[in-house]
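In case you want the letters, here they are:
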Amino acid sequence: MKMSRLGYFSEFLLFPPLLVVATLWAYRSPTPAHPVGLAALYGAGLSAWTLIEYVLHRAVFHHAPILSRIHEAHHHDPQDLIGTPGWASASIGIVVVAGPLCATLGFDFGAAATAGLATGYLWYVFVHYATHHWRPRRNTYLYRARLRHARHHHMSESGNFGVTTGFWDHVFGTALEMPEGRRAEAG
Ligand SMILES: [Zn+2]
Ligand SMILES: [Zn+2]
């Protein structure tokens, strides 16, 4: 969905307060979970996001009905702000992610894992925006992300599905390497 800058970044305004409320709620419990356990679940959620991002982009954004149309529009006009409205992603997140995770892991650990996943998602939205709108300095994380994602847009749509990391593209054999001659040029 094409949207205003405020709409595009509304998730950055909406998610952190929800996570703060969940954290305060968890600490109201008479037996709060151990911080190390919470940190581990947060880290697990954050790492899991990178795989979800890869699968979503490869299998859903490029093949699922409706969503692939929206993603095609992004490939056509990469600088247009096409994203998910905050209210929609927050509702999907609560029903599909937070609800089942809290039901299986308990509220504390479920909320920590959800917070990790939500951080990963916001990290992805930010990095994807930066790859199309910023010109990062060479040899920085964002510069490599921009190069990697540019190859997905301009070389082949069947590779480099990872936006925040190229790790899963290497694992699943979809990493796009730059032609020899241009490697030095890209530095
Ligand atoms: Zn893109
Ligand atoms: Zn794509």
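The next thing to look at is the overall build of the chain. The number of helices and strands found in the chain is nine helices and zero strands. For the chain, the succession of helices and strands along the chain, N to C, is α-α-α-α-α-α-α-α-α. Along the longest, intermediate and shortest principal axes, the C-alpha atoms of the chain span 65 × 30 × 30 Å. Counting only residues that meet the buried cut, the chain has 40% of its 187 residues in that class.

Counted according to the given criterion, the structure contains one cavity of 30 Å³ or more. Roughly 60 Å³ of volume is contained in the largest cavity. For the largest cavity, the full set of lining residues is Tyr-8, His-74, Pro-78, Asp-80, Leu-81, Ile-82, His-128, Tyr-129, His-132 and His-133. The dominant element in the lining of the largest cavity, judged by the number of residues it contributes, is helix H6 (residues 107-133), at four residues. When the residues that make up the lining of the largest cavity are grouped by side-chain class, the tally is five nonpolar, four polar and one charged.

Within the protein, His-57 (NE2), His-62 (NE2), His-71 (NE2), His-75 (NE2) and His-152 (NE2) serve as the donor atoms for the zinc ion (ligand 2), at 2.1 to 2.2 Å. Ordering the donors of the zinc ion (ligand 2) by residue number gives the pattern H-x4-H-x8-H-x3-H-x76-H. Taken together, the residues His-57 in helix H3 (residues 35-61) and His-75 in helix H4 (residues 67-76) connect sequence positions 18 residues apart.

Together, Leu-14, Leu-18, Ile-92, Ile-94, Val-95 and Val-96 give the surface a local cluster of nonpolar side chains, amounting to about 540 Å² of exposed area. Breaking the nonpolar patch down by element, the ones donating at least two residues are helix H2 (10-28) and helix H5 (86-105). If one sorts the elements of the nonpolar patch by residue count, H5 sits on top with four residues. Looking at where Val-96 falls in the secondary structure, it is placed in helix H5. Look at Val-96 and you get exposed, because its relative accessible area is 55%.

In this section: the nonpolar core. Among the nonpolar cores identified, the biggest contains 18 residues, and Tyr-8, Phe-15, Trp-49, Tyr-121, Tyr-124, Val-125 and Val-127 are the most heavily contacted of them. The element best represented in this core is H6, accounting for nine residues.

Glancing now at H6. An α-helix turns once every 3.6 residues. As a result, residues three or four positions apart point the same way. With 27 residues, H6 ought to run about 39 Å at 1.5 Å a step, and its terminal C-alpha atoms sit 38 Å apart, in line with that. The buried fraction of H6 is high, at 21 of 27 residues.

Of all the bends in H5, the largest measures some 40 degrees and sits at Ile-94. Buried residues of H5: Gly-86, Ala-88, Ser-89, Ala-90, Ala-98 and Cys-102, and no others. Along its buried surface, H5 packs onto H2 and H6.

A few words on the side chain of Asp-169. Along the chain, Asp-169 falls in helix H8 (residues 167-171). Arg-148 provides the closest opposite charge to the buried, salt-bridge-free Asp-169, at an N-O distance of 5.6 Å. If near-sequence neighbours (up to four positions away) are discounted, Asp-169 is found in contact with Tyr-54, Gly-159, Asn-160, Phe-161, Gly-162, Thr-174 and Ala-175.

As a further point, take the coordination of the zinc ion (ligand 1). Protein coordination at the zinc ion (ligand 1): the donors are His-74 (NE2), His-128 (NE2), His-132 (NE2), His-149 (NE2) and His-153 (NE2), at 2.0 to 2.2 Å from the metal. Site description for the zinc ion (ligand 1): donor spacing in sequence, H-x53-H-x3-H-x16-H-x3-H. Of the two residues, His-149 and His-153 are both situated in helix H7 (residues 141-154); the distance of four residues between them amounts to about one turn of the helix. You'll find His-149 and His-153 in the same group, each marked buried.

The rules we used
- Residues numbered from 1 in each chain as written.
- Chains lettered and ligands numbered in written order.
- Predicted model: local features only at pLDDT ≥ 70, side-chain atom pairs only at ≥ 80, totals over all residues.
- Heavy atoms only, no water.
- Helix = DSSP H or I, 4+ residues; strand = E, 2+ residues; numbered from the N terminus.
- Buried < 20%, exposed > 50% of the residue type's maximum accessible area, 1.4 Å probe, protein only.
- 1 Å grid on protein atoms, 1.4 Å probe; cavity = no way out; pocket = protein on both sides within 12 Å on 5 of 7 lines; lining within 4 Å.
- Points joined across faces, edges and corners; volume = space filled by probe spheres on them.
- Nonpolar A, V, L, I, M, F, W, Y, C, P; charged D, E, K, R; others polar.
- Donors = N, O, S within 2.8 Å, 3.2 Å for Na, K, Ca; no water.
- Patch = residues over 30% accessible without salt bridge, like charges linked within 9 Å, V, L, I, M, F, W, Y side chains within 5 Å.
- Areas by Shrake-Rupley, 256 points an atom, 1.4 Å probe, with all protein chains shown as cover.
- Salt bridge = Lys/Arg side-chain N within 4 Å of Asp/Glu carboxyl O.
- Core = buried A, V, L, I, M, F, W, Y, C linked by side-chain atoms within 4.5 Å.
- Expected span 1.5 Å × (residues − 1).
- Bend = angle between axes of the 7 residues up to and from the residue.
- Contact = heavy atoms within 4.5 Å.
- Lys, Arg positive; Asp, Glu negative; His and termini not counted.

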